[in-house]
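Each chain is listed here by its residues.
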Amino acid sequence: MKSLRQFKKELNLPATAKSYLSHKTLLKNSEILFGLGSPSSKETLLPNSNFWPPLIEVADTQELPPVLVERYNAAGGEATALCGIFPEVRRAWASVDNSLFLWRFDKWDGQCPEYSEEQAICAVGLAKSKPGVFVEAIQYLLVLSTPVELVLVGVCCSGSGDGVDPYAEVSLQPLPEYTVPSDGVSMTCIACTDRGRIFLSGRDGHIYELHYTTGSGWHKRCRKVCLTSGLGSVGCTKCVQVWSC
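My aim in this report is to walk through the structure given alongside it, one point at a time. (Residues numbered from 1 in each chain as written. Predicted model: local features only at pLDDT ≥ 70, side-chain atom pairs only at ≥ 80, totals over all residues. Heavy atoms only, no water.)

Another aspect to go through is the pattern of salt bridges. The tally for this structure, following the rule as stated, stands at eight salt bridges. Two residues, R90 and D165, come together in a salt bridge whose shortest N-O distance is 4.0 Å. Pair noted here: R90 is in the loop between β3 (81–86) and β4 (91–96) and D165 is in the loop between β9 (149–158) and β10 (169–181), with a separation of 75 residues, a long-range link. Between R221 and E177 there is a salt bridge, with the nearest N and O atoms lying 2.8 Å from each other. Taken together, the positions of R221 in the loop between β13 (207–212) and β14 (222–226) and E177 in strand β10 put the pair 44 residues apart, joining distant regions of the chain. (Salt bridge = Lys/Arg side-chain N within 4 Å of Asp/Glu carboxyl O. Helix = DSSP H or I, 4+ residues; strand = E, 2+ residues; numbered from the N terminus.)

Next comes the structure, spelled out in C-alpha cells:
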C-alpha cells in the first residue's frame, strides 16, 4: 500500500503528467498540461532526466483536494489508491478504495465531486462516447473496473456562461444497464482510442475490448470480448497501448 507521501508525490500534476507523455495527443495538450504557472515559477528539468524528455518544463504544482487527503488518511494508509489525469476534460482523478474523485488540474474551482462503487476500483479510463448510443449531453464515458464488474459512467460537460471555458462543469451520470461481470478477471489497465474503442488488460494476461450499443430486446447493451484467446497470455500495459493506437 502507498503512504500518503507517496500518494501526494504521484498525484502532483507534474508527476502525474509524466504518465501521459506516451499519449499520442501530448503535443496538442502540452499547453494545457504545462502552461499553468507564471514564468517565475518554472523549473527546468535536466535533459538526462529518467522520466522527462528534453525541453519539458514543470510550470507549477498544486495541492491535493482536502477531501481526498482526508479520505485517504481515514483509511489509515491501507487504502487501494490510484491516480491520473484526463486532459480531454481538464480533470485530475484519484481513487481511494471504492470512491473516485475528480477536480480541475489547471485551476482550483473548489469542486471535487465523488463517485462511488460497491467494490474497490482497480483501473480507470476515459473514452469518447460513440454517436447515437447515449443522449447528446454524454460526451465521454468513464470506464471503471472493480474485482466483480466493469462499469460505464456517463460524463457530461457544460461550458461557462461566457463560453470561454467549455469544461467549467463536469457531472457524472450512472448508466446501470452498461455493466459487465468481470468473470473473475480483474483489469489492470484501460486504454481508449480517439474513436471511442475501449481496450483492457486483464490480470490473466489477456487483452479485452469492451463493446456497447443501444441494445434492444434480449441483446446485451454491453459486453467484453477477449482479443487474445488464441494467442496465449500476452496482456500488459504496453500491449494495450499498442492495440489502442
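Right, let's get into the sheet that holds strand β6 (residues 114–116). With respect to topology, four strands assemble into an open sheet ordered β3-β4-β5-β6, the strand pairing being antiparallel. Of all strands in the sheet, those with a lone pairing partner are β3 and β6, marking the two edges. When strand polarity is set aside, the average angle formed by the axes of neighbouring strands in this sheet is 20°. Of the strands in this sheet, β3, β4, β5 (99–104) and β6 touch helix α4 (residues 66–74), which is tilted by about 155° from β5. (Pairing = 2+ DSSP bridges. Axes fitted to C-alpha atoms, helices over the stretch in contact; angles between N-to-C directions. Contact = heavy atoms within 4.5 Å.)

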